[in-house]
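# Summary of structural features
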Amino acid sequence: MDEGRLPPLASGQDLIGMFDVLEHIDDDVGTLEHLASLLVPGGIVALTVPAHPSLFDEMDRLACHRRRYQAAGLRGALEAAGFRIRLLSHFMLPLLPLLIASRMAGRWLTRWRTPLQHRSVELRPIPVLNVLLGLLLRFEGPALGRVALPMGSSLIAIAERRSDA
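Because the structure is a prediction, the values reported are computed rather than measured.

## Considerations on the pattern of salt bridges
Where charged atoms from two side chains of opposite charge approach closely, those side chains can pair. For the coordinates displayed, the defined rule picks out 7 salt bridges. Residue Glu160 is joined to Arg86 by a salt bridge in which the shortest nitrogen-to-oxygen separation is 3.9 Å. Placement of the pair is Glu160 in strand E4 (residues 154–161) and Arg86 in strand E3 (residues 83–91), with a sequence separation of 74 residues. Judged by relative accessible area, which is 19%, Glu160 ranks as buried. By sharing partners, the salt bridges in this structure join Arg84, Arg86 and Glu160 into a single network.

What follows is the structure in structure tokens.
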């Protein structure tokens, strides 16, 4: 998707997915309104975005993020665009402490490393850690259908286009 253009979709869609896209777009509400206009009444948008605006830093700027979201802000944007929320929850809880530690270290390490150097370290896979986090994340999926998680490094939303939108 080109950040300067609306998604090139035809109208009459039943489902649209946007996974870690909305935070890259200046006009998030306008884009959501456009998506609502493409969906049939009752159609679904499923999306994920990074959470916790307080964690926004140089790593987000390098990723071309415009923002990180609080749950209330994402809810407000979706509702303003004509959606009814079916699910809105944090997820990726096991990653949150690592993200916080990485961002704190990054702010301190910028004295010795450029943000790009820090990003390459932050994104370097650690196989043992990946296996451990993968095991921990398996518990989130079943929980998300039943309860909204109070924290995590990202937000997930499933929203339905209102008939009057």
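## Thoughts on the confidence of the model for the protein
For the protein, the mean per-residue pLDDT works out to 87, and 84% of the residues sit at or above 70. Mean pLDDT values over the elements of the protein span from 66, in helix H5 (residues 115–122), up to 98, in helix H3 (residues 71–80).

## Topic: the sheet that holds E3
Strand order in the open sheet formed by 4 strands is E1-E2-E4-E3, and the pairing between neighbours is mixed. Looking at which strands have only one partner, the edges of the open sheet turn out to be strand E1 (13–19) and E3. Put simply, the sheet's adjacent strands are angled 10° from each other on average, direction ignored. With 8 bridges joining them, E3 and E4 adopt antiparallel strand pairing. Following the sheet pairing, Ile85 is matched in E4 by Ala159. Relative to the sheet, H3 contacts strand E2 (39–50), E3 and E4, its axis offset from that of E3 by approximately 160°.

## Topic: the nonpolar core
Grouped together as the largest cluster of nonpolar side chains are 24 residues, with contacts concentrated most on Leu22, Leu32, Val45, Leu47, Leu74, Leu78 and Phe83. Excluding residues that lie within four positions of it along the chain, Val45 makes contacts with Ile16, Leu35, Leu39, Leu78, Phe83, Ala157, Ile158 and Ala159.

## A short note on the side chain of Asp57
Residue position: Asp57 is located in the loop between E2 and helix H2 (58–62). Looking at Asp57, its side chain comes within polar contact range of the main-chain nitrogen of Met59, at 2.9 Å.

## Here's the deal with the environment of Leu47
If you trace the backbone, Leu47 turns up in strand E2. Taking C-alpha positions, Leu47 is 8.4 Å from Ile16, a pair spaced 31 residues apart along the chain.

## Topic: helix H1 (residues 28–38)
The α-helix advances 3.6 residues per turn, and as a result positions three or four apart in sequence lie on the same side. The element H1 is extensively covered by neighbouring structure, given that 8 of its 11 residues are classed as buried. Within the sequence span of H1, burial applies to Asp28, Gly30, Thr31, Leu32, His34, Leu35, Ala36 and Leu38.

## Here's the deal with the environment of Leu133
As for its placement among the helices and strands, Leu133 is situated in helix H6 (residues 127–137). Through-space distance from the C-alpha of Leu133 to that of Leu93 is 9.7 Å; in sequence the pair is 40 residues apart. Not counting residues within four places of it along the chain, the set of residues in contact with Leu133 comprises Pro94, Leu95 and Leu98.

## Focus: unusual backbone geometry
Of note, the phi angle at His52 is positive, near 70°, even though the residue is not glycine. Within the element layout of this structure, His52 appears in the loop between E2 and H2. Given a relative accessible area of 21%, His52 falls into the partly exposed group. The backbone of Met92 sits at a positive phi, close to 65°, despite the residue not being glycine. Secondary-structure assignment places Met92 in the loop between E3 and helix H4 (95–109).

Here is what the cut-offs are and how they apply
Residues numbered from 1 in each chain as written. Predicted model: local features only at pLDDT ≥ 70, side-chain atom pairs only at ≥ 80, totals over all residues. Heavy atoms only, no water. Salt bridge = Lys/Arg side-chain N within 4 Å of Asp/Glu carboxyl O. Helix = DSSP H or I, 4+ residues; strand = E, 2+ residues; numbered from the N terminus. Buried < 20%, exposed > 50% of the residue type's maximum accessible area, 1.4 Å probe, protein only. pLDDT = per-residue confidence, 0-100. Pairing = 2+ DSSP bridges. Axes fitted to C-alpha atoms, helices over the stretch in contact; angles between N-to-C directions. Contact = heavy atoms within 4.5 Å. Core = buried A, V, L, I, M, F, W, Y, C linked by side-chain atoms within 4.5 Å. Polar contact = N/O pair within 3.5 Å; in protein donor to acceptor, adjacent residues only side chain to side chain.

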